[in-house]
Amino acid sequence: MIIRKAFDILNFCQDIIYPLTCCSCNSVLETDDIFCINCRQYSTETDHFELSHNTLTQRIKYRIEFKYGAALYYFNKGAATQSAIHKLKYSGRKDIAERMGRRFAEKLINSQHFSQPDAILPIPIHAKRRRKRGYNQSQVFGKAIGTQINCPCIDSVLIKTKHHKSLTEHDRENRFLTVMKSFMLKDRHIINSKNILLVDDVITTGATIEAASTLLNSAGVKSLQIGLMGISLNE
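Residues numbered from 1 in each chain as written. Predicted model: local features only at pLDDT ≥ 70, side-chain atom pairs only at ≥ 80, totals over all residues. Heavy atoms only, no water.

### Regarding the pattern of salt bridges
For side chains bearing opposite charge, pairing can occur when the charged atoms are close. Applying the stated criterion across every chain yields a total of nine salt bridges. The salt bridge partner of Glu45 is Arg103, with a shortest N-O separation of 2.9 Å. With Glu45 in the loop between helix 2 (37-40) and helix 3 (55-60) and Arg103 in helix 5 (residues 94-109), the pair connects residues that are 58 residues apart, well separated along the chain. Residue class for Arg103 comes out partly exposed when judged on its relative accessible area of 25%. Among the ionic pairs, Lys107 bridges to Glu45, the shortest N-O distance being 3.1 Å. Residue Lys107 is found in helix 5, and its partner Glu45 is found in the loop between helix 2 and helix 3; the two are separated by 62 residues along the sequence. A residue is classified by how much of its surface remains accessible, and Glu45, at 26% relative accessible area, is partly exposed. Linked through salt bridges whose partners overlap, the residues forming this network are Glu45, Arg103, Glu106 and Lys107. (Salt bridge = Lys/Arg side-chain N within 4 Å of Asp/Glu carboxyl O. Helix = DSSP H or I, 4+ residues; strand = E, 2+ residues; numbered from the N terminus. Buried < 20%, exposed > 50% of the residue type's maximum accessible area, 1.4 Å probe, protein only.)

Here is the structure:
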């Protein structure tokens, strides 16, 4: 009882010192949500988890061998989701990936289309970028999901060995080839014959997910599912 009260006091003090804020506009939130009431008007959760065929599965179905996939939010320029992802990647808001991971896990658990994975693998970033940012946002997202569904998030299998500049000006095929050459697999036995959930932040052309999925399938995974924070509607 005393220990429980001590934890409650500690959490109360943390809420005062480090209040939970909106992932877009930074206004203080009263509940453990992702966006405030105003920003929710400019952020749309997808219906992916309820549909056997959704905008994500339709986009990648002819390019990847996978079981199922879903994104949490639609990602549009100027929307609250864009602001949140920008803060996550460039302003040190690691908590955004954690909160989106918890929300994704909640929807995964209630979805009849997802199955329990044996392991979660995040899309890697190069060590140089990780040192600069302080974390890999996809790994933070995956770990938060794993905590909720009791599944390990492993970031030592899929590795990024080459650092390249932004590929936004490249077409999908060139992106795929460049990313494919920058990835490698270590300790393949860890994922052989396993059900894998591959996670990332936002999908645009799908080249990164396609390259990673190609490698994982070549390693003999039993099944592959895709989990994303967002999906861009402007491919």
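### Looking at the state of the cysteines
Going through the model one piece at a time under the given rule, you end up with zero disulfides. Between Cys22, a free cysteine, and Cys39, which holds the nearest cysteine sulfur, the sulfur-to-sulfur gap is 3.7 Å. By relative accessible area, Cys22 is classed as buried at 0%. Free of any disulfide, Cys23 has its nearest neighbouring cysteine sulfur in Cys22, separated by 6.3 Å. By relative accessible area, which is 0% here, Cys23 ends up buried. (Disulfide = S-S within 2.5 Å.)

### Observations regarding helix 5
Spanning 16 residues, helix 5 covers 23 Å between terminal C-alpha atoms, matching the ideal 22 Å at 1.5 Å per step. When we look at burial in helix 5, the residues that qualify are Ile96, Ala97, Arg99, Met100, Gly101, Phe104, Ala105, Lys107 and Leu108. Tucked into the core, helix 5 has its buried residues touching strand 1 (68-75), helix 4 (80-90), helix 7 (137-149), strand 5 (195-203) and strand 6 (223-232). (Expected span 1.5 Å × (residues − 1). Contact = heavy atoms within 4.5 Å.)

### Some thoughts on the side chain of Asn54
Positionally, Asn54 belongs in the loop between helix 2 and helix 3. At 3.3 Å, the side chain of Asn54 forms a polar contact with the backbone oxygen of His48. There is a polar contact of 3.1 Å between the side chain of Asn54 and the backbone oxygen of Gly69. Excluding residues that lie within four positions of it along the chain, Asn54 makes contacts with His48, Tyr68 and Gly69. (Polar contact = N/O pair within 3.5 Å; in protein donor to acceptor, adjacent residues only side chain to side chain.)

### Some thoughts on the nonpolar core
In a soluble, globular protein the nonpolar side chains are often hidden away together inside. If you look at the biggest cluster of nonpolar residues, it comprises 35 residues, and the most contacted ones within it are Phe35, Met100, Phe104, Phe114, Phe141 and Ile145. Elements with a contribution of two residues or more to this core: strand 1, helix 4, helix 5, helix 7 and strand 5. Sort the elements by how many residues they give to this core and helix 5 lands first, with six residues. What Ile145 contacts, discounting residues up to four positions off in sequence, is Gly101, Phe104, Ala105, Ile120, Leu197 and Val199. By size, the runner-up hydrophobic cluster in this structure holds 31 residues, among which are Leu121, Leu158, Phe176 and Val179. (Core = buried A, V, L, I, M, F, W, Y, C linked by side-chain atoms within 4.5 Å.)

### Observations concerning the pairing of strand 5
Most of strand 5 sits inside the fold, with nine of its nine residues counted as buried. Note that strand 2 (residues 119-122) and strand 5 share four bridges and pair parallel. The residue bridging Pro122 from the neighbouring strand is Val199, located in strand 5. One ladder, built from eight bridges, connects strand 5 with strand 6; its direction is parallel. (Pairing = 2+ DSSP bridges.)

### What to know about the environment of Ala207
Turning to its location among the elements, Ala207 is positioned in helix 9 (residues 207-218). With relative accessibility at 1%, the residue Ala207 sits in the buried group. A C-alpha to C-alpha distance of 9.6 Å links Ala207 and Ile60, two positions 147 residues apart in sequence.

Read these as spatial facts, not as claims about activity.
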